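Secondary and tertiary structure notes
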Amino acid sequence: MVVMVVYSAWTYPFEVAFLKTSTQSHTQLYIADSIVDLFFVVDIVLTFFVAYFDSTTHLLVRDHKSIATRYLSTWFVMDFASTLPFELISYLFTGKHGMGLSYTVIGLLRFWRLRRVKKFFT
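If you're wondering where the values come from, they're calculated on a predicted model, not measured in any experiment.

**Comments concerning the pattern of salt bridges**
A complete count under the given rule lists three salt bridges for this structure. Residues Asp 33 and Arg 110 are paired through a salt bridge, measuring 3.9 Å at the closest nitrogen-oxygen approach. In this pair, Asp 33 is assigned in helix H2 (residues 27-47) and Arg 110 in the loop between helix H6 (101-107) and helix H7 (114-121), connecting sequence segments 77 residues apart. Each member of the pair, Asp 33 together with Arg 110, is buried. Across the pair Asp 37 and Arg 113 runs a salt bridge, and its minimum N-O distance is 2.5 Å. With Asp 37 in helix H2 and Arg 113 in the loop between H6 and H7, this pair connects stretches of sequence that are 76 residues apart. Both residues of the pair, Asp 37 and Arg 113, count as buried.

Written as structure tokens, this is what we have:
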């Protein structure tokens with residue numbers, strides 16, 4: 001997962017700065033980005049099953065409902081938003097390829113994934 005986060009943190013600024021043309025002409029990079037996004041979707045699903053330590057009781061919580069409730073109320077929204085393929089959704093609705101300013105700003109959510117690396121090393 002750390003490799004995937006480093007890939008995202010390095011390639012997205014490159015895409016924004018140098019690849020102003022449509023994603024159709026950069027299919028290999030688009031496929032690689034989609035594979036990385038797929039790994040993050042799997043990570044989101046797996047997070048619903050990862051036990052955590054309760055800060056008040058210092059006990060390991062393994063109840064799936066408690067784990068899901070905690071994740072949904074904390075990091076889920078940002079994790080989900082950083083994984084959505086906004087360009088693909090835009091293409092499905094408008095039929096146009098491209099990286100406009102709005103997609104560039106929304107794409108900055110990918111940097112939210114850096115939190116995973118910090119969490120991993122702490």
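**Quick word on the environment of Val 61**
Topologically, Val 61 is positioned in strand S2 (residues 60-61). When its relative accessible area of 15% is taken as the criterion, Val 61 is described as buried. Note: C-alpha distance between Val 61 and Ala 51 (ten residues apart in sequence) is 5.5 Å.

**Let's talk about the nonpolar core**
Met 4, Val 5, Val 36, Phe 40 and Val 117 form the largest nonpolar core, which has five residues in total. Counting residues per element, the ones that place at least two in this core are helix H1 (2-18) and H2. Those residues in contact with Val 36 that lie beyond four places of it in its chain are Met 4, Tyr 7, Ser 8 and Arg 113.

**Describing the packing of H1 against H7**
Between H1 and H7, whose axes approach to 9 Å, the crossing angle comes to 145 degrees. The handedness of the crossing between H1 and H7 is left-handed. Along the contact surface, H1 presents Val 2, Val 5 and Ala 9, while H7 presents Leu 114, Arg 116, Val 117, Phe 120 and Phe 121. Of the residues in the contact of H1 with H7, the class split is seven nonpolar, no polar and one charged.

Cut-offs and rules
Residues numbered from 1 in each chain as written. Predicted model: local features only at pLDDT ≥ 70, side-chain atom pairs only at ≥ 80, totals over all residues. Heavy atoms only, no water. Salt bridge = Lys/Arg side-chain N within 4 Å of Asp/Glu carboxyl O. Helix = DSSP H or I, 4+ residues; strand = E, 2+ residues; numbered from the N terminus. Buried < 20%, exposed > 50% of the residue type's maximum accessible area, 1.4 Å probe, protein only. Core = buried A, V, L, I, M, F, W, Y, C linked by side-chain atoms within 4.5 Å. Contact = heavy atoms within 4.5 Å. Axes fitted to C-alpha atoms, helices over the stretch in contact; angles between N-to-C directions. Left-handed = near helix turned anticlockwise from the far one by under 90°. Nonpolar A, V, L, I, M, F, W, Y, C, P; charged D, E, K, R; others polar.

Keep in mind these values describe shape, not function.
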